[in-house]
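So you can see what is in the structure, the chains are spelled out below.
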Amino acid sequence: MKRTIGTCYYPEHWPREIWEQDAERMADLGLTWVRIGEFAWSRLEPQPGQYDFDWLDDAIRILGTAGLKVVLGTPTATPPRWMIDRYPDMLAVDKEGRPRKFGSRRHYCFSHEGYKSECARIVRELANRYGNNPYVAAWQTDNEYGCHDTTVSYSAAARRSFQLWLRKQFSNNGNAGDIAALNAAWGNVFWSMDYDDFDQIDLPNLTVTEPNPAHSLAFRRFSSDQVVAFNKLQVDIIRSFSDAPIAHNYMGGVTDFDHFKVGQDLEISSWDSYPLGFLEDRVGQDDSHVTHFARQGDPDYQAFHHDLYRAVGRGRWWVMEQQPGPVNWAPFNPVPLPGMVRLWTWEAFAHGAEAVCYFRWRQAPMAQEQMHAGLLRPDSVEAPAFAEARHVAQEIASAPDVSIKQAPVAIMFDYNADFAWNIQPHGRGLTYLSLIFDIYRALRQMGLSIDILSPETRDFDGYKLVVMSGMMHVPEDLKQALSQSDARVIWGPRSAARDTHMSLPDGLPPQLVDFDIKITSVESLRPSLGIELEHGGKCCHYREDIEINDAETLETTKDGTRIVVARGKQVYVAGWLDQDGWMQILRKQCQNLGLDLYDLPSGLRCRDTLTERFWINYDTLDHTIDGLTVPALSYSVQPI
Ligand code: GAL
């Protein structure tokens, strides 16, 4: 695989006279890709049914003849104003029952049939016109599903579709929806919540106190399925006209739909990486960490998403948007330190990215993102990131082809578990994503490369360690597959804690194969209530009481309460540990498995491809490792 770079361009924002020059400058910079079109609906169809494709024809031709490959976006994230006149009820509705207004973007409900048919129509027009265009080398569907909290909508359309979805879920042997089965599965006897008919089932918002978690989980799954179907509608149309690969650009920290399911319908997964944008309020670290990395970003957060989206893309993934300077949307928007744009790009390549595209070519002087940097300033003079992109272009021109290598350790990531934790966190601020991220960070601190696995995985060949923490529902065949694999498996906390409908399983969780343990009670802990472990670190946030039959105790709290138990190669951690705690427990397991381990400073990380070991340094001082100096805010690469 070759490594490539690109940019995001909005020809409709700029006078036609400068397009040629822009295209030449892009090609001259060494860019391969240019993504266009994803917000241009009002200029492609100014009035219903009146199309204007001439400008897009020109833009594609100009970019293509300059030697660039076009990624053409479908414009469905920004329905034009006339669409709202046509379908006033297509707007998504928030939890409080208020329609979200026109005037920014993503103002649609995934369940609205009228809007979906309009999307199918514009996508068909585009695919028909550009499906065989030699310069259109890839497609992007929509833009950042779920961003700005837009997966879930409490509209009338969503309510109707949810009822139909439930009917299907609870139908068997031709029986069109068994309401008694739903009542039983959801435990609706509790608080007299029994239904007589699917048509009575409302959306789980505006209830007096919390809705039934089974109801909420079903609604989250339904909402996720609506995103999958919306995407597939577009993909099927594009495929009938074009052989070019199709991507979607996911966002960082957005977990409210099942990306693996969307990814199954696409050739490429991509995501939008804004390291400084994410740092303040998505990473979830304390003030001193945020201050230390304020101009670099968190050293594990991008890497985690690279690994996640590599899995979502089944190996093929890009960074569709790379932060090039200050953004406009985070609580604070500092300038990155010199070198970071190049470093972020190489970090993505180290994790197997095929392409990294900088957002955006030129800073916009108008509208919402006027304070968002680009590769060029609004006056077309090079912004600081331009030189860094040029540096990368020169480096990749002479870099060898590269292949991805299977990592020795893996973490399963299950979006359904994320829904379940969200519905029932049991303690303020406890999320599945942050639990998994804590474990990811601990493993990275030991210098390990990590694969993320989809919950559909049943073949664990080649993995020495598989982490299954926090996965609230684990299907029986997955438990079986793990018990039969050669991998060491880390379970807990909260693994297999619920059945598919958010109830406790008969006989108490987790009911693992060949590992007879029982979680008898659980507690959540305020942050100040960390419980010290016998061999270092603390149990914080969440703790489980565990009963063992035929298992050994590996770690206890200082007062003797069991925290880690094992039988054979299955290990259960009955708590959410702090960083020292995870390190202590996981290090022993990894040492046992003969893995090469480090204890890296928080700014230094490592990632292997098939032939190279990358050392990535987010710190402002050089680090020396294995006799190699990794310069500050830069990377070093060793052959392996
Ligand atoms: C992304 C989005 C882009 C742009 C960018 C600004 O989330 O896809 O269109 O808004 O953020 O950082």
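All of these numbers come straight from a predicted model, not from anything done at the bench.

Parameters at a glance
Residues numbered from 1 in each chain as written. Predicted model: local features only at pLDDT ≥ 70, side-chain atom pairs only at ≥ 80, totals over all residues. Heavy atoms only, no water. Buried < 20%, exposed > 50% of the residue type's maximum accessible area, 1.4 Å probe, protein only. Helix = DSSP H or I, 4+ residues; strand = E, 2+ residues; numbered from the N terminus. Pairing = 2+ DSSP bridges. Right-handed = clockwise from strand over helix to strand, strands pointing away. Domains from an automatic or database assignment. Contact = heavy atoms within 4.5 Å. Buried area = accessible area lost by both parts, 1.4 Å probe. Salt bridge = Lys/Arg side-chain N within 4 Å of Asp/Glu carboxyl O. Core = buried A, V, L, I, M, F, W, Y, C linked by side-chain atoms within 4.5 Å. Patch = residues over 30% accessible without salt bridge, like charges linked within 9 Å, V, L, I, M, F, W, Y side chains within 5 Å. Areas by Shrake-Rupley, 256 points an atom, 1.4 Å probe, with all protein chains shown as cover. Lys, Arg positive; Asp, Glu negative; His and termini not counted. Charge placed at Lys NZ, Arg CZ, Asp CG, Glu CD.

Draft legend 1. Just the pairing of strand S12 (residues 488–491), in detail. By the alternation rule, side chains of S12 split into Arg-488 and Ile-490 and Val-489 and Trp-491, which are all buried. In terms of strand pairing, strand S11 (residues 465–467) meets S12 through three bridges, oriented parallel. Residue Leu-465 lies in a different strand from S12, and its bridge partner there is Arg-488. With helix H17 (residues 476–484) bridging S11 and the parallel S12, this β-α-β connection has right-handed handedness. Where S12 and strand S19 (residues 570–573) come together, three bridges link them in parallel fashion.

Draft legend 2. Inspection of the domain arrangement of the protein chain at higher detail. For the protein chain, the domain assignment lists domain 1 (4–154 + 224–398), domain 2 (156–217), domain 3 (409–592) and domain 4 (604–639). Between the C-alpha centres of domain 2 and domain 3 the distance comes to 31 Å. With seven residues of domain 2 at the contact, the number on the domain 3 side is nine residues. Of the roughly 610 Å² buried where domain 2 meets domain 3, counting both sides, 71% is carbon and sulfur surface. A per-residue breakdown of the area domain 2 buries against domain 3 is headed by Ala-185, Pro-213 and Leu-217, which together make up 71% of the total. Counting every contact that joins domain 2 to domain 3 gives zero salt bridges.

Draft legend 3. Representation of the nonpolar core in the model. Counting residues in each nonpolar core, the largest one holds 153 residues, and the members touching the most others are Leu-72, Trp-139 and Leu-443. In terms of residue count, the dominant contributor to this core is helix H16 (residues 432–445) (nine residues). Filtering out sequence-adjacent residues up to four positions away, Leu-72 remains in contact with Ile-36, Leu-56, Ile-60, Leu-126, Tyr-130, Val-136, Ala-138, Trp-139 and Gln-140.

Draft legend 4. Just a negative patch on the surface, in detail. The grouping of Glu-280, Asp-281, Asp-286 and Asp-287 at the surface amounts to a negative patch. Among the secondary structure elements, Asp-286 is positioned in the loop between helix H10 (275–279) and helix H11 (287–292).

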